[in-house]
Amino acid sequence: MALNPFFLQGSQSEQRLIQELINEQLTIYGVEIIYLPRKIVNKDSVLNEIQSSKFDDNYAIEAYVNTYEGYGGAGDIMTKFGMSLKDDLTVTISKEKFEDFISPFLGDDGDLFKKENDNDEINVAGRPREGDLIYFPLGGRLFEVKFVEHEQPFYQLGKNYVYQLKCELFEYSDELGGWDQLSTTTEEIDSVLEDQGYITSILMVGSGTDAEIIARTGTGYVRQISLIDDGYGYSSTPIVSISTSPSTSISNPFASAEAIAITTTTGTTQSIKEIILTNAGFGYTEAPTISIIGGGGTGAIATCSIETTGFGIVRYDVSKPGSGYPIPPVVSIGTPTSAGAAATSIVGSDSTITGFVLSTGGEFYGTPPNVIIDGPTSRVGVVSTLQTSNFSGDIVSLPYGSGYSNGVFPTSGGSGNGLIVELEAKSGSIVEIPTIIYGGQGYSPNDILQIVGGNNDAYIKIISTTTGIGSTATADSILTNGEVTGFTITNPGSGYIIPPTVSIENRSDTKDFTSSGLTTAIARANVSVGNTVTSVHIVNPGLGYSPAQPVSIASPPPTGIGTFIFNELVTGSISGAKARVKTWNKSDNILKVGTTNGTFVPGDVIVGSASSAQYSVDSIQSAEFADKYDKGEQIETLADTFLDFTETNPFGTY
Amino acid sequence: MLGTYYYHEIMRKTIVAFGTLFNQIHIRHDDSSGNTYSDLKVPLAYGPSQKFLARLEQQEDLNKPVQITLPRMSFEMNNIQYDSTRKTGITQTFKAVNENTSAIKKVFMPVPYNIGFELNILSKLNDDALQIVEQILPYFQPSFNVTIDLISSIGEKRDVPIVLDSISFQDDYEGDFSTRRALIYTLRFTAKTYLFGPVADSSEGLIKKVQVDYYTDTNTQTAKREVRYTATPKALTDKNNDGVIDKKDDALLGPEDDFGFNETTTFFTDSKTYSPTQQTDI
């Protein structure tokens, strides 16, 4: 049977009219919803489920709310998993509007659905998709499309004009915050989601200033504490008492050593793990006794050794506590050099270095230290040219003088001193103009000098003078049993008027650390809850330090810079953990982040990828879902009071 | 008859001990390159709750924008059953020392009970659930022991095995599209705990001396004791801190101390016998 040819079953123009009417009705009676297409980040093809999704596009479209009397579904119900909001929503959208304004962006060109999963694409671009989200602005809620009904009403005039989206409230895990997703691009939705999901709340350090410490050195100090017996049964930290130093007095209140005990728990037994010096003391002539008192336990025994010759770092004073230290900073102490050698020089009559006087040979040298001799001072009035003359300064011709021989002769007279000349003589007379061996200093042109020697009857007249410098002497040191015992002059130099200063290098790299016992000190800084440096404990006081040993303490991590912005990616410097910013409260220094892929640790410098803000982590305040369902922490706290294993449990520590 | 008040919170402690096993489980999500971009601690709570409290805590905002955050776990106690296989003598008591007061307490032997638990895991993805379950199962072979201080007043710690009885899961993926897929794993456990009766102060005091007399005749009317064996506690530590461990320390021994024995054997020829009432030889 054919259809009646005299009746149209819907012409294009009629269909067009209905579509236009529907579109208009929707714009009049509808609600502007926001359509968020799902983009697949990772799909498990075996279990056939989308493991990671993101929603970073949005499209506004008008929709008619079918369930105009309220949400459908079971409503808010109590389940064994807490509150579950089973609200349904059915909305109707225009097929034409969707295809004209949303579909083109979901196709091959714009759909990240496909781009990120080239090998496993789901290319459904022509219609609304199950799994996509819509944001319902009246309730400020996110709904997930469960089913797209495209045939209701059923082919009016031969065509379908609308889609019905059957939706249910979204089940949220960690979507909306993948690494490459900045936001849903809609501020309204972002603000709704700020307080949803798994949120880690981190207390940050506001700003930091450098701490400063001073090392105090001394001898007769406690070199090392040995824990002979760690005791047992301690319920609190016992007090460590060290007998007083003979040097203790009102003016030396820090002469007596002090230490603290650090306890550890093995099974159910608390014992002493180590004893750390807070002050190594000084002036001890014999090893003090150590008493470990209190703490509810017994049996701990410790002894110590002392150092009465060399110097160690016996105490650290915190001169500036600084700020912004969430974790103890590193204390840098140079290697010890112990005592160095010292000597003075001797200058000979020819203005060269002729020897040294060793005042102290130093100690523990492993290789001969360099000897550094200061250069000679510059001289003015150094004779540069001269002429033969008589005693009144008149030029005389050669040969002249009597009784002279070939050789070097000093001179006298004139305004300066030190001129030495070499003569060539025949039959007692000088036959050549004297050659200047050493130009002396302080002379002026026209000075008349007598050549001392022969019959003292030959004179010279100074024609011109100049400024002279001379050359720097060099020498090597000689070692015997780690001490400098002498020197070898490798270059006597010249032009020395007064003995130059001699420096014998005293560097740690020339010292013998193997057999000497020289030891580098080790210290451990402690920080307060307020992130300041409170004290520096002595792990090893070292040996062989000079009295003014410089020490330095690391700067606090760079912190207190900039303002984090919503949903930017932040990264921890130590942990490497990454997260998305939820909120940043500058006044409380609380940063809330979501979508973390690890655990931030105190001391982490968290840097924002977009804002470049950087703050260091003081502590992790909480890490939980925002809806207060989780009671894990309370359960664990309670369990710790009666379970026979401590803080950690086997499910959390491996 | 049963009116003595006591409450050791043993079942509550067992619930807490069970729950704390599962409170640090995390799951991770990777991107397409295999890099982890999300690490979530799976929230855990005891399922039963006052309804109004749950709504106030979890739905502070009536217009909560999402249905639920997943995954999550809940656990609940669902049965209590007497375990006859662990039955002990019912009249037997044991004494313990109150660690705080050093007083002697007496309690009857506990009654063994099995407490059934159910751990439920709700997740959006099967993979999430598998991550969680795989982090739990290897620890139960088929039991995992926790040591619980069941009665702190006498320091009674007991190993309570928690046995994994069964695992089942519900994956409602079939049907029309009016409901979403629901994925719930259910793990059933039995905690083999002990219930204690009231703890009473013991008036019996400490036994500090044991004395045995030997006779050479079985006629108790005429026979006289001839050998006496006595045993008293011997201190192992210097209780009075005088530098030596001697009888003075023995006298200071308390119920909380470890001790050894002083043993004495005495021979008699005085034809006397011991009078328990007069506590002397007559």
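Above this text sits the structure in question.
Parameters and conventions
- Residues numbered from 1 in each chain as written.
- Chains lettered and ligands numbered in written order.
- Predicted model: local features only at pLDDT ≥ 70, side-chain atom pairs only at ≥ 80, totals over all residues.
- Heavy atoms only, no water.
- Helix = DSSP H or I, 4+ residues; strand = E, 2+ residues; numbered from the N terminus.
- Buried < 20%, exposed > 50% of the residue type's maximum accessible area, 1.4 Å probe, protein only.
- Areas by Shrake-Rupley, 256 points an atom, 1.4 Å probe, with all protein chains shown as cover.
- Pairing = 2+ DSSP bridges.
- Axes fitted to C-alpha atoms, helices over the stretch in contact; angles between N-to-C directions.
- Contact = heavy atoms within 4.5 Å.
- Buried area = accessible area lost by both parts, 1.4 Å probe.
- Salt bridge = Lys/Arg side-chain N within 4 Å of Asp/Glu carboxyl O.
- Polar contact = N/O pair within 3.5 Å; in protein donor to acceptor, adjacent residues only side chain to side chain.
- Nonpolar A, V, L, I, M, F, W, Y, C, P; charged D, E, K, R; others polar.
- Core = buried A, V, L, I, M, F, W, Y, C linked by side-chain atoms within 4.5 Å.

So, about the overall build of chain B. What chain B contains, in helices and strands, is four helices and 17 strands. Residue burial in chain B is summarised as follows: out of 282 residues, 42% are buried. As displayed, chain B offers around 15,700 Å² of accessible surface, 51% of which is attributable to carbon and sulfur atoms.

Across a sheet, paired strands are connected by hydrogen bonds in the backbone, their directions being either parallel or antiparallel. Residue and element names in this part refer to chain B. Strand order in this open sheet of three strands is 13-14-15, and the pairing throughout is antiparallel. Looking at which strands have only one partner, the edges of the open sheet turn out to be strand 13 (210-215) and strand 15 (259-267). With direction set aside, neighbouring strand axes in the sheet form an average angle of 20°.

Moving on to the interface of chain B and chain A. Contact with chain B, which involves 71 residues of that partner, is made by 64 residues of chain A. Together, the buried faces of chain B and chain A total about 6,500 Å²; carbon and sulfur atoms form 56% of this surface. Residues Lys41 of chain B and Asp630 of chain A are paired through a salt bridge, measuring 2.7 Å at the closest nitrogen-oxygen approach. Between chain B and chain A we count 33 residue pairs in polar contact (both at pLDDT 80 or more) in total. Residues that form the side of chain B that touches chain A fall into these classes: 29 nonpolar, 23 polar and 19 charged. Bridge count between strand 10 (residues 171-172) of chain A and strand 4 (residues 68-69) of chain B: two bridges; the pairing is parallel. Looking across to strand 4 of chain B, one finds that Glu171 of chain A is bridged to Ile68 of chain B.

In this section: the environment of Phe117 of chain B. All names here are of chain B. Its place among the elements puts Phe117 in strand 8 (residues 111-123). Along the sequence, Phe117 and Leu164 sit 47 residues apart, while their C-alpha atoms lie 9.4 Å from each other. Excluding residues that lie within four positions of it along the chain, Phe117 makes contacts with Thr14, Ile15, Phe18, Glu76, Met77, Asn78, Leu187, Arg188, Phe189 and Ala191.

Residue and element names in this part refer to chain A. Pairing within the closed barrel is antiparallel, and its six strands lie in the order 11-40-39-38-41-42. Across the sheet, the mean angle from the axis of one strand to that of its neighbour is 50°, orientation sign disregarded. Of the pairings in the sheet, the one linking strand 39 (residues 578-585) to strand 40 (residues 590-594) comprises five bridges and is antiparallel in character. Bridge pairing in strand 40 places Arg580 opposite Gly594.

As for its placement among the helices and strands, Asn597 of chain A is situated in the loop between strand 40 and strand 41 (605-608). With relative accessibility at 18%, the residue Asn597 of chain A sits in the buried group. Looking at Asn597 of chain A, its side chain comes within polar contact range of the main-chain nitrogen of Lys578 of chain A, at 2.7 Å. In terms of polar contacts, Asn597 of chain A uses its side chain to reach the backbone carbonyl oxygen of Thr36 of chain B, at 3.0 Å.

As a further point, take the pairing of strand 23 (residues 370-373) of chain A. It is a general feature of regular strands that their side chains alternate between the two faces of the sheet. All names here are of chain A. The side-chain alternation of strand 23 yields one buried face, formed by Val371 and Ile373, and one unburied face, formed by Asn370 and Ile372. Summarising the sheet, strand 23 and strand 32 (residues 474-480) pair through two bridges and their orientation is antiparallel. Each bridged residue has a counterpart across the sheet, and for Asn370 the counterpart in strand 32 is Asp476. In this sheet, strand 34 (residues 502-504) lies alongside strand 23 in antiparallel orientation, the contact comprising three bridges. Residue pairing in the sheet places Val371 in a bridge with Ile504 of strand 34.

A separate point is the environment of Glu624 of chain A. All names here are of chain A. Inspection of the secondary structure puts Glu624 in strand 42 (residues 614-625). Sequence separation between Glu624 and Gly197 is 427 residues; the distance between their C-alpha atoms is 8.2 Å. Each residue touching Glu624, except ones within four places of it in the same chain, is listed here: Gly197, Tyr198, Ile199 and Asp630.

A few words on unusual backbone geometry. Residue Pro153 of chain A is bonded to the preceding Gln152 of chain A through a cis peptide linkage, with omega at -10°. Considering the arrangement of structural elements, one finds Pro153 of chain A in the loop between strand 8 (141-149) and strand 9 (162-169). For the peptide bond that leads from Gln141 of chain B to Pro142 of chain B, omega is -15°, which places it in the cis range. Tracing the backbone shows Pro142 of chain B in the loop between helix 3 (126-136) and strand 9 (143-151). Of note in this structure, Asn446 of chain A is not a glycine but carries a positive phi near 75°. Among the secondary structure elements, Asn446 of chain A is positioned in the loop between strand 29 (435-441) and strand 30 (448-451). The residue Asn456 of chain A is not glycine, and still its phi comes out positive at about 55°. Tracing the sequence through the fold places Asn456 of chain A in the loop between strand 30 and strand 31 (459-468).

Time to look at the nonpolar core. If you look at the biggest cluster of nonpolar residues, it comprises 48 residues, and the most contacted ones within it are Phe22, Leu119 and Phe189 of chain B. With six residues, strand 11 (residues 182-195) of chain B is the largest single contributor of residues to this core. Setting aside residues no more than four positions away along its own chain, Phe22 of chain B makes contact with Leu44, Met73, Leu119, Ile136, Phe140 and Phe189 of chain B. Counting 39 residues, the second-largest nonpolar core is a separate cluster that includes Cys304, Ile313, Ala523 and Leu543 of chain A.

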